[in-house]
Amino acid sequence: MNSPEIAQIDNWKRKISNSQQLGGIETSVLDNGSGRGVRIAWINTGSGLRYKVVLDRGLDILDCFFNESSLAWISHSGHVSPQPFSNKGIDWLRTFGGGLLTTCGLSNAGPPNSDETGERGLHGNFSNIPAELISIKQPDLYRNDLSFEIVGKITETSTFGPSLELTRTISGELGSAAIRISDTVLNKGNTPAPHMVLYHINCGWPLIDDGTRIVWQGEIIPKASDENNTDFNKKYQFTRCAPPLKEHDGFGEDVAFINPSNGESDQVVCGYANDALQLGLKISFSKKQLPWLIHWQHWGENEYVTALEPATNPPIGQAEAKKNQTLIMLQPGEYKSYDLILEAITGKDVNDFK
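**A few points about the packing of aromatic side chains**
Within this structure, the stated rule accounts for five aromatic pairs. Between Phe 232 and Tyr 236, the ring centres sit 4.7 Å apart and the planes meet at 40 degrees, which makes this aromatic pair tilted. Residue Phe 232 and its partner Tyr 236 are both found in helix α2 (residues 231-236); the two are separated by four residues, about one turn of the helix. Given the relative accessible area of 30%, Tyr 236 is considered partly exposed. Put simply, the rings of Trp 73, Trp 92 and Phe 96 pair up and form one aromatic cluster. In this arrangement the basic side chain of Lys 282 is found over the ring face of Phe 353, its NZ or CZ atom lying 5.3 Å from the centre.

**Some thoughts on the sheet that holds strand β18 (residues 279-286)**
Pairing within the open sheet is antiparallel, and its eight strands lie in the order β9-β10-β11-β12-β22-β18-β17-β14. The open sheet has two edge strands with one neighbour each: β9 (132-137) and β14 (213-215). Geometrically, the sheet is characterised by an average inter-axis angle of 15 degrees between neighbouring strands, direction not taken into account. One ladder, built from eight bridges, connects strand β11 (residues 163-173) with strand β12 (residues 178-187); its direction is antiparallel. Residue pairing across strands places Ser 171 opposite Arg 180, the latter belonging to β12.

**Structural notes on the confidence of the model for the protein chain**
Residues with a pLDDT of 70 or more make up 96% of the protein chain, whose mean pLDDT is 93. Contacts for the low-pLDDT stretch residues 1-8, under 50 throughout, to residues beyond four places or in other chains number 18 contacts.

**Some points on unusual backbone geometry**
The linkage connecting Gly 105 with the following residue, Leu 106, adopts the cis geometry, with an omega of 5 degrees. Along the polypeptide, Leu 106 turns up in strand β6 (residues 102-106). Omega for the bond connecting Trp 205 with Pro 206 falls within 30 degrees of zero, at 10 degrees, which places this linkage in the cis form. Mapped onto the fold, Pro 206 is located in the loop between β13 (193-203) and β14. Not every positive phi belongs to a glycine, and Asn 144 is a case in point at roughly 55 degrees. Of note, Asn 144 is situated in the loop between β9 and β10 (147-157). The phi dihedral of Gln 278 falls on the positive side, at around 55 degrees, and the residue is not glycine.

Definitions and cut-offs
- Residues numbered from 1 in each chain as written.
- Predicted model: local features only at pLDDT ≥ 70, side-chain atom pairs only at ≥ 80, totals over all residues.
- Heavy atoms only, no water.
- Phe/Tyr/Trp six-rings, centres within 6.5 Å; stacked < 30°, edge-to-face > 60°.
- Helix = DSSP H or I, 4+ residues; strand = E, 2+ residues; numbered from the N terminus.
- Buried < 20%, exposed > 50% of the residue type's maximum accessible area, 1.4 Å probe, protein only.
- Lys NZ or Arg CZ within 6 Å of the ring centre and 35° of its normal.
- Pairing = 2+ DSSP bridges.
- Axes fitted to C-alpha atoms, helices over the stretch in contact; angles between N-to-C directions.
- pLDDT = per-residue confidence, 0-100.
- Contact = heavy atoms within 4.5 Å.

Quick look at the structure:
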């Protein structure tokens, strides 16, 4: 989707001195509150889409806006400095800021669990690890190059192993309301390493509202469609957003484990469509890379959030994945790659998104 001002890019000469007038990447450091000292990067796409990458939280994405509308959900905690040893039980929730993207892994996604190899907390360590910033590329209008990207490395390691390294590239183009995320996870150790990853894509009001359509194709596996889900989702089967529900206050939730359909291509497409606002979020990813889609709903009062979560496994934890023989074991030097696109859509594109 191209914005009107970028459509005139060929007419920029003698009118634009600096590409930041249209968009680009700006880094800074927070100086107040629980996130004091955290490095961030604001990215303005010049299309109405702008978002905040948190360098010190695994290059995940917190705030995200399209024009005046927020696409992301922000938790009560909001910005929290990374706490690398917040990895026992459900400590992860203490630092969970929500945001458009929180990455779970790299070796555990799901509940706390333990086995003969050790103990793991909820959703792993990744989002509490600062990134090593590798590079920032800005648009270059004088060379007719509208692309930008930020690249960093996140290392989840321990002496004597395992040792996993994720290289993340977040990129886009001026005039395009799309975020491209490309991750490569490498086993740098000398022994096989367990690996799980889940992309927690958290959306909130006003994109998410009573009646917002939830778009996906596939099959809900029986484990996730049991009688514990609310009557709302028994009726709508995870295809509509609910109003605030008292039964979701506290730890209440609905969850669907989905085997997504990818039609004749490898790409799975899912997302949200708010017909009243004529605003949506389209999420695309490779089923070969990420064969599962998790849909989480928490319609608590003042904690009104839902997430679509492409994943290597359902969030069952490393011990259970090992038990059912679905756990990925990366051999020394082996790597896995994951690619996602998050795109804001409007108008006719929202109407056609089904």
